[in-house]
Amino acid sequence: MVPHLVTALNGPINELEARILESMPATERWFRLEWMEHTPPFYCSVDVRNAGFKLAPVDTNLFPGGWNNLTEEMLPLAVQAAMAAIEKICPEAKNLLLIPEKHTRNPFYLMNVKRLMQIFHQAGLNVRLGSLDESVKAPTQLDLPDGTQLTLEPLVRSRGRLGLKHFDPCTILLNNDLSGGVPKVLENLYEQYLLPPLHAGWAVRRKSNHFQAYEEVAKKFAKLLGMDPWLINPLYARCGEVNFHERSGEECLASNTEALLGKIRRKYKEYGISEKPFLIVKADAGTYGMGIMTVRDAKDVIDLNRRTRNKMSVVKEGLEVTEVILQEGVPTYERVNEAVAEPVVYMLDRYVVGGFYRVHAERGVDENLNAPGASFVPLAFAESGHLPRPGEKPGASAPNRFYMYGVIARLAMLAASYELEATDPDAEIYD
């Protein structure tokens, strides 16, 4: 099933789909050469938006927490990719310590942790859970919605290593995005592999750095395919001194909004797009769909009401927002059962291992769908998108559509590897 694309403007996307399929050998070779030069993030998920006239990633998560939304059919791909990833990092690995989010009472999140444990167990590792929550002093049972349980254990730190009682792992996998900063217990672990690295967490990471890297990747890829990079790249700007409570930084927001909307209008005119452009303003660090608003005019960011200022001023773990990214809004015209939907692509190492649709019946085409009330529909990726069918009419074949989404998601993953290299505090700098 190809979810319904509700737009008359699907011409350019069908052209893009056709071009990506025609260029498949060149595309795959290009990725292969890039991965020889750059290390992919250990795992990531990418939210993709399909506007019919434009297809672009809008968010790249380096600590994906929705593995439970992948279908059972996708599991073999994930296990295979996990084997390849572990073999590359620590071939003799026997034990894996998985460190989840602190708020581990969320049943959906816990099912995600269970699925991650299953993937790495089937990849040949003993997997146990260690908690960053200092109130966990002894093994603690957590009940899951399916009637099973997870055991969360207190971390044990020795000089250069981190583990559990009677459990010494070669590799530590974080499924915690470090929004609240880097806990001391994770610092200076020079004898073990810590994945993803600490600078992938929101204590260091910035979305503006990611989209700067993505712009570079999109330009290279667009040159390979002989197309306009704008068709796959959301324009953006950044404001680094913002305080929503004190209303400081409003001038920066207003001037950047005006300039960015002007750029998008020019592009819309060039492509004959009659829609009204919009921006998404969001915290430059942080996740969980918090601290986000849709803006259509520079005056929308001046004199915000108290409710909006409160919403924009804090993100996960109560962190105050002082930096924001203004991102070109990419409307989504995909529908699943009449509800607005966006594809989310999951990757492990450099492989696309599956995905699902994030669906929200109460949100519009120009709104963030990562919000309470969202549901997840894996049906779209039930057929593997790994084996496209050249020659089929663009827009009619699910594998072709999802191959295209996988290409865009891998571009975002490649941008994340550029970004991590540029922000690595231990990287050797050559003059």
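Heads up: the structure comes first, above all this text.
Reference entry: report on the structure contained in this document. (Residues numbered from 1 in each chain as written. Predicted model: local features only at pLDDT ≥ 70, side-chain atom pairs only at ≥ 80, totals over all residues. Heavy atoms only, no water.)

1. Here's the deal with the environment of serine 417
Along the polypeptide, serine 417 turns up in helix α8 (residues 398–423). Sequence separation between serine 417 and alanine 200 is 217 residues; the distance between their C-alpha atoms is 9.9 Å. Apart from the residues within four sequence positions on either side, serine 417 is in contact with Trp35, His38, Thr39, Pro40 and Pro41. (Helix = DSSP H or I, 4+ residues; strand = E, 2+ residues; numbered from the N terminus. Contact = heavy atoms within 4.5 Å.)

2. A look at the state of the cysteines
Applying the stated criterion across every chain yields a total of two disulfides. There is a disulfide in this structure between cysteine 90 and cysteine 170, and the S-S distance comes to 2.1 Å. In this pair, cysteine 90 is assigned in the loop between α3 (75–89) and β4 (95–100) and cysteine 170 in the loop between β9 (162–163) and β10 (171–175), connecting sequence segments 80 residues apart. Each of the two residues, cysteine 90 as well as cysteine 170, counts as buried. For the chain, the disulfide bridges join cysteines in the arrangement 1-2, 3-4, where the cysteines are counted in sequence order. (Disulfide = S-S within 2.5 Å. Buried < 20%, exposed > 50% of the residue type's maximum accessible area, 1.4 Å probe, protein only.)

3. Considerations on the sheet that holds strand β13 (residues 279–283)
Read from one edge to the other, the open sheet built from four strands follows the order β12-β15-β13-β14, with strand pairing classed as antiparallel. Bordering the open sheet on either side are β12 (236–239) and β14 (292–295), each of which pairs with just one other strand. Across the sheet, the mean angle separating the axes of adjacent strands is 20 degrees when strand polarity is ignored. Where β13 lies against strand β15 (residues 324–328), five bridges are found, and the strand directions are antiparallel. From the neighbouring strand, leucine 279 faces β15, where its bridge partner is glutamate 328. Where helix α5 (residues 207–225) meets the sheet, it contacts β12, β13 and β15, and its direction lies at approximately 150 degrees from that of β12. (Pairing = 2+ DSSP bridges. Axes fitted to C-alpha atoms, helices over the stretch in contact; angles between N-to-C directions.)

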